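# Fold and geometry: a report
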Amino acid sequence: MADAHVVATAGHVDHGKSTLVRALTGMEPDRWDEERRRGLTIDLGFAWTTLASGRTVAFVDVPGHERFIGNMLAGIGPAPVVCFVVAADEGWQQQSSDHRDAIEALGIDHGLIVLSRIDRAQDPTRDVLAQVRDELANTGLRDAPAVEVSAVDGTGINRLRNVLDDVLGNVPAPAAADRVRLWIDRAFTIAGAGTVVTGTLGAGAISADDELELIGDGRRRRVTVRGLQSGGSPLSTVGPVSRVAVNLRGVGIGDVHRGDVLVSIDRWPTTRSLDVRRASGRVLGEVPAQLTAHVGTLTVPVRVRPFDDDHARLGLTRSLPLVVGDRLVLRDPGGRRVLAGVQILDADPPALRRRGDGNRRAHTLAGIDATGDIATEIARHGAVSEQRLRLLGIVSDGESVPDGVRAVGGWWVDVETYGSWQRRLRASLEDLYAGDPLTAGLSQGAVRDVLSLPDERLVEQLVTDAGLEQRRGYVRLPGSDDLGPIEASVTELERRLGESPFRAPEAGDLAALSLGVRELAAAERAGRLLRLREDVVLLPSAPALAMRELSALAQPFTTSAARQALDTTRRVAVPLLEHLDSRGWTRRIDAGHREVTSPGARRSPRR
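Right, let's walk through the structure included here. All figures in this text were calculated on a predicted structure; none of them were measured in a lab. (Residues numbered from 1 in each chain as written. Predicted model: local features only at pLDDT ≥ 70, side-chain atom pairs only at ≥ 80, totals over all residues. Heavy atoms only, no water.)

On to the sheet that holds strand E3 (residues 56-61), then. Read from one edge to the other, the open sheet built from 6 strands follows the order E2-E3-E1-E4-E5-E6, with strand pairing classed as mixed. For this open sheet the edge positions go to strand E2 (45-50) and strand E6 (146-148), each flanked by a neighbour on one side alone. Each strand of the sheet is rotated relative to its neighbour by a mean of 25°, with strand direction disregarded. Where strand E1 (residues 4-10) lies against strand E4 (residues 81-87), 4 bridges are found, and the strand directions are parallel. (Pairing = 2+ DSSP bridges. Helix = DSSP H or I, 4+ residues; strand = E, 2+ residues; numbered from the N terminus. Axes fitted to C-alpha atoms, helices over the stretch in contact; angles between N-to-C directions.)

On to the nonpolar core, then. By size, the foremost hydrophobic cluster in this structure holds 39 residues, and its most contacted members are Leu274, Val276, Leu314, Leu322, Leu328 and Leu330. Elements that contribute at least two residues to this core include exactly strand E15 (261-264), strand E16 (271-281), strand E17 (290-295), strand E18 (298-306), strand E19 (311-320), strand E20 (327-331), strand E21 (338-346) and helix H8 (374-381). Those residues within four positions of Leu274 in sequence are excluded, and the remaining contacts are Ala312, Arg313, Leu314, Leu316, Leu322, Leu328, Ile344, Asp346, Ala347 and Pro349. Ranked by size, the runner-up nonpolar core spans 35 residues in total, among them Ala8, Ala102, Ala121 and Ala144. (Core = buried A, V, L, I, M, F, W, Y, C linked by side-chain atoms within 4.5 Å. Buried < 20%, exposed > 50% of the residue type's maximum accessible area, 1.4 Å probe, protein only. Contact = heavy atoms within 4.5 Å.)

Once that is clear, we can look at helix H6 (residues 157-169). For H6, which comprises 13 residues, the first-to-last C-alpha distance of 18 Å matches the rise-based estimate of 18 Å (1.5 Å per residue) to within 8%. Within H6, the full set of buried residues consists of Ile157, Leu160, Val163, Leu164, Asp165, Val167 and Leu168. Buried-residue contacts for H6 involve E1, helix H1 (17-25), E3, E4, strand E5 (111-116) and E6. (Expected span 1.5 Å × (residues − 1).)

Here Arg181 is to be found in strand E7 (residues 181-190). The buried category is assigned to Arg181, whose relative accessible area is 19%. A polar side-chain atom of Arg181 sits 2.8 Å from the main-chain carbonyl oxygen of Pro321. Here Asp326 takes part through its side chain, which lies 2.8 Å from a polar atom of the side chain of Arg181. Discounting residues that sit within four places of it in the chain, Arg181 has contacts with Ala203, Val261, Leu262, Val263, Trp268, Pro321, Leu322, Val323 and Asp326. (Polar contact = N/O pair within 3.5 Å; in protein donor to acceptor, adjacent residues only side chain to side chain.)

For the rest of this paragraph, the subject is the packing of aromatic side chains. Any pair of aromatic rings gets described here by the distance separating the centres and the angle formed by the planes. With the rule as written, the count across this model stands at 2 aromatic pairs. Each ring, one from Phe84 and one from Trp92, has its centre 5.5 Å from the other, and the planes form 5°; the classification is stacked. Exposure class is identical for Phe84 and Trp92. Each is buried. Ring geometry for Tyr418 versus Trp421: centroids 6.3 Å apart, planes at 65°, classification edge-to-face. One end of the pair, Tyr418, and the other, Trp421, are both in helix H10 (residues 415-435), 3 residues apart, so they sit about a helical turn from each other. Judged by its relative accessible area of 3%, Tyr418 is buried. Since its relative accessible area comes to 6%, Trp421 is described here as buried. One Lys or Arg, Arg179, reaches over the ring of Trp268 and ends 3.8 Å from the middle of that ring. (Phe/Tyr/Trp six-rings, centres within 6.5 Å; stacked < 30°, edge-to-face > 60°. Lys NZ or Arg CZ within 6 Å of the ring centre and 35° of its normal.)

Structure, rendered in structure tokens:
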């Protein structure tokens with residue numbers, strides 16, 4: 001894919017933005033007859049050219065008039081580079097300030113300054129440039145290179161192309177392997193082709209026949225890419241950063257609008273609630289509760305709940321695919337000025353239900369790194385699934401686990417939280433055994449409940465790291481095979497059964513040893529005894545010993561023959577044979593006969 005770039009213009013109305021684009025590209029950016037008739041850009045215009053380095057650059061020409069600030073924001077919003085134009089003969093004007101505020105709010109920090117109409121300037125341009133630099137001092141363009149031009153006589157145009165080439169050479173390379181999010185700025189139909197949408201592709205790549213999701217007003221639908229164009233040429237694949245026209249199958253022109261967005265399938269969650277930090281403009285405690293927000297190419301009503309002057313919760317009127325780090329521009333719907341720029345700190349914030357939650361949330365947000373520090377984000381939640389981190393844009397493909405975070409069972413866990421889980425789990429088990437030495441321990445579900453774990457997949461590794469053990473689905477303290485107060489009784493029972501393996505003790509014998517149902521169950525969990533029925537107790541080795549004797553019998557054999565071979569009673573023989581049947585070691589042939597199923601059993605002819 002070619003080294004492509006997108007540059008948006010900015011500046012006061014009638015300062016020569018469109019004229020400059022024509023001079024650089026030889027193309028007419030004004031698309032409407034009314035614009036050409038009035039000499040006034042109303043909507044977004046598009047043109048492109050190739051620079052000396054071979055880089056292709058597409059221009060998004062924005063209107064400068066205050067009445068079309070929404071259209072201007074739709075053009076600048078997705079653009080990574082800005083060409084800020086100020087007429088040398090007029091200097092800084094009102095809409096220059098509006099566009100400056102938009103650039104500051106969006107956090108755009110790559111671009112150049114153009115002093116246009118120098119053929120009309122009477123005063124030294126250094127004074128105008130000084131004024132421009134002073135006005136841009138708080139933006140990412142504070143140190144941007146400046147070029148003086150006249151689009152009328154061509155002065156400075158070649159130098160402008162060279163400077164622009166240098167600026168674009170310093171723009172960080174976009175992530176071609178990233179997920180796609182294309183904010184749509186235009187939709188139209190072409191006879192024989194159908195619906196076409198255009199936008200600035202900032203990350204990811206789109207290919208013909210790709211399936212994408214179209215997110216519109218309250219709807220998500222799958223669409224297929226029929227074809228692609230960039231720079232007026234058909235392509236099989238388009239990568240970032242490019243102006244792209246996408247021919248879609250599966251959607252009609254009436255179902256696509258500016259502000260809708262094409263995204264990679266199943267890789268973008270949507271949200272209607274955002275916690276944000278002020279990046280520029282008025283403090284959030286002073287803005288109206290009902291505002292208009294601009295993000296990407298979309299204009300959407302938003303409700304503001306300030307937490308303090310720098311942090312607030314935004315409630316959107318529609319669900320959008322937004323992630324940590326995204327920027328929004330806030331504007332008064334009744335005015336034409338940018339009020340503030342905000343940056344998303346949490347695109348999946350917790351509900352606020354209790355008195356004082358707002359103040360507590362302000363304190364939490366104040367401690368969040370606005371750059372989207374992964375460890376800080378995970379520490380706030382304790383544990384976050386890796387899939388969720390990727391969906392929220394906090395973790396990118398191939399990113400390694402940072403210091404202070406541990407990957408466990410598909411989750412990224414804060415190491416301090418993980419250590420706390422281990423300590424609390426061990427303490428809970430110690431308390432449990434102190435109150436009941438014969439307890440089975442904690443089930444995995446109980447461990448999740450005790451620690452409020454988000455996923456059972458965390459339990460197994462947590463148990464190992466805490467120095468605990470699992471047996472038969474229960475988490476136990478190590479060495480808990482010691483049966484405490486019934487240890488002596490179980491040892492005595494083991495001795496008796498060792499002498500007569502199939503002479504199960506009678507109920508009275510068990511009672512004399514103080515071994516009731518609960519005690520026997522604890523001994524069985526510890527692997528010390530085998531209960532065939534509540535009143536039939538043998539050693540765990542009894543089934544294997546029984547098979548030695550039964551294999552020596554003529555096959556098939558009767559229950560009576562088995563009882564005699566094992567030197568036991570029918571009370572023991574019947575449940576023992578049923579146990580062997582359940583393990584597949586013996587097989588019941590009819591009401592009176594069984595046979596050993598293991599290899600080497602001696603068989604006699606059936607009658």
